[in-house]
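# Chain and residue survey
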Amino acid sequence: MGHFFHAWPPAIFRRWLSTLALGCACLLVGVVAGAGFGDGTLLVLSGAVFLFSLLRAALRCRAILREDYETVQGVCIQISERPLQKCRKVRFLDADGNEQTLLLGRQARLRLGYRYRFYLKRGGQPLFNSSWLQSSLATDQLLGYEELGEYLEDVSVEKREQ
């Protein structure tokens, strides 16, 4: 089974593993606190979080096994904060010099001028040029990303707020 996970990109594997770990931690806290305080509601809620994290990990695993994701790679040239939304608008240049725009969750830590590889779910809500409602749904499309570490000084980059 170890070779099974070696075929996964490391960024996707880390995100999958963190989903499982978060679910297990919630269940553990719920069991300990539920037993200590005699609170059945906390136990039920933590069990529900655990089950939903298992479901999310299983769906992510299925998408990876079916290779139902796409890889997008480029240099980050602009990060725009989107007020009152849980995403950021990130522009980058791909290898062909084409400019692309992605909507990513605020938890993604990106730096201007660095190369990144993004793993995105295929299908579902579009990530490119989304409206406000679609942008709130689009943040779940990211399976993982990795910094490729190559800093390009000749690319003009900017950070601005919209």
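Going by the structure above, here's the rest.
Residues numbered from 1 in each chain as written. Predicted model: local features only at pLDDT ≥ 70, side-chain atom pairs only at ≥ 80, totals over all residues. Heavy atoms only, no water.

### Regarding the packing of aromatic side chains
This is how it is decided: Only centres within 6.5 Å qualify two rings of Phe, Tyr or Trp (six-membered ring in Trp) as a pair; their planes then separate them into stacked at under 30 degrees, edge-to-face at over 60, and tilted for everything else. Exposure is judged per residue with a 1.4 Å probe applied to protein chains only, and the accessible area is read against the type maximum: over 50% gives exposed, under 20% gives buried, and values in between give partly exposed. Our definition puts a charge over a ring when NZ of Lys or CZ of Arg is within 6 Å of the ring centre and also within 35 degrees of the ring normal.
Applying the stated criterion to the full structure yields eight aromatic pairs. When the centroid spacing of 6.2 Å and the interplanar angle of 70° are considered together, the rings of tryptophan 8 and phenylalanine 13 count as edge-to-face. Given the relative accessible area of 6%, tryptophan 8 is considered buried. Both rings, one in tryptophan 8 and one in tryptophan 16, keep their centres 5.2 Å apart while their planes meet at 80°; by these two values the pair is edge-to-face. Here tryptophan 16 falls in the buried class, since its relative accessible area comes to 12%. Here the aromatic residues Phe92, Tyr116, Phe118 and Tyr145 are joined through ring pairs into a cluster of three or more. The ring of tyrosine 114 has arginine 111 lying over it, and the distance from NZ or CZ to the ring centre is 4.1 Å.

### With respect to the state of the cysteines
Stated formally: Note that a disulfide, as used here, is simply two cysteine sulfur atoms within 2.5 Å.
Throughout the structure, instances matching the rule amount to zero disulfides. Between cysteine 26, a cysteine without a disulfide, and cysteine 24, which holds the nearest cysteine sulfur, the sulfur-to-sulfur distance is 9.5 Å. Since its relative accessible area comes to 25%, cysteine 26 is described here as partly exposed.

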